[in-house]
Amino acid sequence: MFWRVIYEIFVIMLVITYAILLSADFSVHPLLTDELMNQVDVGLITFLIVEYLVRLWRAKDKRKFVISNWFDLVAMIPFDHYFYLARFMRIMRLVRILKASPFLWSVVQSGSMRRVFGIVSMIMLWSSLAIYLLEYGVNDKITSFGDALWWSVVTTTTVGYGDISPVTPGGRIMATILMLTGIGMLGALTANFATHWTQLHDQRAGAKQDRVTDEMKKQVIGHIQTMEELTEEEYESLKETVDLLYRRCRKKEDQNKDSR
């Protein structure tokens, strides 16, 4: 469990870092260069290859695994030296990293999480567009839509850096709305994240328990089929296994009833 959490956190940081690099302007930064980006791509491709090989090794039907994960193979092809394909391949790799994290990929696929993100994004974009229309040309701190979006994020999170402040009455009304609703929006977002994380790991724990139960059932059936060959010790062990199996099944049934 501990190493799984560490892996999830590592992939989340990798996704955020790579997304920031993809959106960075290398022409105006002394440290962010094309050479650095190429090195990042090589490291990322290496990570994806190792992750793919591990999953392939653990797959029961390897042929089916390769066919169903064709996108993973395409994302690992180093086509970056073809300039017109470089950005496309990097976007594919970003999606591929998302798939490497069960938590992030489940967030993308979750209907409830998409609804929460949709509502928050709609409010953020609406407020950013409004403040841009109201303040542009009047407020010298807002010269682009990016400035307006940054102001909306800062105001919604109630951080209040003070680097951008509205000067028009309409802009101040928008700020008031965002400050009043910001805490609720962030609370809903973080609560959904926490709930989704808990549900995902509970499902994994339940799936692992189900596999153990299935293995116990197979062992019991195998012993029953060779009942006449069992020794006294094996028979006693069989009784204990059946008793444990019965209690596990009853416990799971009680939990299912409680959840309903």
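Residues numbered from 1 in each chain as written. Predicted model: local features only at pLDDT ≥ 70, side-chain atom pairs only at ≥ 80, totals over all residues. Heavy atoms only, no water.

Secondary-structure assignment places Met 113 in helix α7 (residues 111–135). Residues Met 113 and Leu 189, 76 residues apart in the sequence, show an inter-C-alpha distance of 8.3 Å. (Helix = DSSP H or I, 4+ residues; strand = E, 2+ residues; numbered from the N terminus.)

Our focus in this paragraph is a nonpolar patch on the surface. Together, Leu 125, Leu 129, Leu 133, Phe 145, Leu 149 and Val 153 line one region of the surface with nonpolar side chains, adding up to about 510 Å² of accessible area. When contributions to the nonpolar patch are tallied by element, the ones reaching two or more residues are α7 and α8 (145–156). Inspection of the secondary structure puts Leu 129 in helix α7. On the basis of relative accessibility, which here comes to 44%, the residue Leu 129 falls in the partly exposed class. (Patch = residues over 30% accessible without salt bridge, like charges linked within 9 Å, V, L, I, M, F, W, Y side chains within 5 Å. Areas by Shrake-Rupley, 256 points an atom, 1.4 Å probe, with all protein chains shown as cover. Salt bridge = Lys/Arg side-chain N within 4 Å of Asp/Glu carboxyl O. Buried < 20%, exposed > 50% of the residue type's maximum accessible area, 1.4 Å probe, protein only.)

Following the criterion strictly, the structure yields five aromatic pairs and no others. Between Phe 10 and Phe 47 the ring centres are 5.7 Å apart and the planes differ by 70°, which places this aromatic pair in the edge-to-face class. Placement of Phe 10 in helix α1 (residues 2–23) and of Phe 47 in helix α2 (residues 34–58) is noted, with a sequence separation of 37 residues between them. Phe 10 gets classed as partly exposed once you look at its relative accessible area, which sits at 40%. For Phe 47, a relative accessible area of 19% puts it in the buried group. One aromatic cluster is present, formed by Tyr 132, Tyr 136 and Phe 145 through successive ring pairs. (Phe/Tyr/Trp six-rings, centres within 6.5 Å; stacked < 30°, edge-to-face > 60°.)

Next up on the list: the side chain of Glu 135. Topologically, Glu 135 is positioned in helix α7. Among buried Asp, Glu, Lys and Arg side chains, Glu 135 stands out as unpaired, with Arg 172 the closest opposite charge at 6.8 Å. For Glu 135, the side chain forms a polar contact with the main-chain nitrogen of Val 167, separated by 3.1 Å. (Lys, Arg positive; Asp, Glu negative; His and termini not counted. Polar contact = N/O pair within 3.5 Å; in protein donor to acceptor, adjacent residues only side chain to side chain.)

Time to look at the packing of α7 against α8. At a minimum axis distance of 8 Å, the contact between α7 and α8 shows a crossing angle of 125°. As far as their axial angle goes, α8 and α7 are oblique. The crossing of α7 and α8 is right-handed. Contacts between α7 and α8 involve Met 124, Leu 125, Ser 127, Ser 128, Leu 129, Ile 131 and Tyr 132 on the former and, on the latter, Phe 145, Ala 148, Leu 149, Trp 151, Ser 152, Val 153 and Thr 156. (Axes fitted to C-alpha atoms, helices over the stretch in contact; angles between N-to-C directions. Parallel < 35°, antiparallel > 145°, perpendicular 65-115°, else oblique. Left-handed = near helix turned anticlockwise from the far one by under 90°. Contact = heavy atoms within 4.5 Å.)

Along its twelve residues, α8 runs 16 Å from first to last C-alpha, staying within 8% of the 16 Å computed at 1.5 Å per residue. Those residues of α8 that fall on the buried side of the exposure criterion are Ala 148, Trp 151, Ser 152, Val 154, Thr 155 and Thr 156. Just downstream of α8 lies Thr 158, where phi reads positive at about 55°. (Expected span 1.5 Å × (residues − 1).)

Here we take up the side chain of Glu 51. Mapped onto the secondary structure, Glu 51 falls in helix α2. Judged by relative accessible area, which is 10%, Glu 51 ranks as buried. Residue contacts for Glu 51: discarding those within four places in its chain leaves Tyr 7, Arg 96 and Ala 100.

So, on to the pattern of salt bridges. For the coordinates displayed, the defined rule picks out five salt bridges. A salt bridge links Arg 93 to Asp 41, with the nearest nitrogen and oxygen atoms 3.4 Å apart. Taken as a pair, Arg 93 in helix α5 (residues 83–100) and Asp 41 in helix α2 lie far apart in primary sequence, 52 residues in all. A relative accessible area of 3% means that Asp 41 is categorised as buried. Taking the shortest distance from any N to any O, the salt bridge between Asp 72 and Arg 96 comes out at 3.4 Å. Of the two residues, Asp 72 is situated in helix α4 (residues 70–75) and Arg 96 in helix α5; the sequence distance between them amounts to 24 residues. With relative accessibility at 1%, the residue Asp 72 sits in the buried group. One network of salt bridges, with partners in common, ties together Glu 51, Arg 55, Asp 72 and Arg 96.

Any link to function would need more than the numbers given here.
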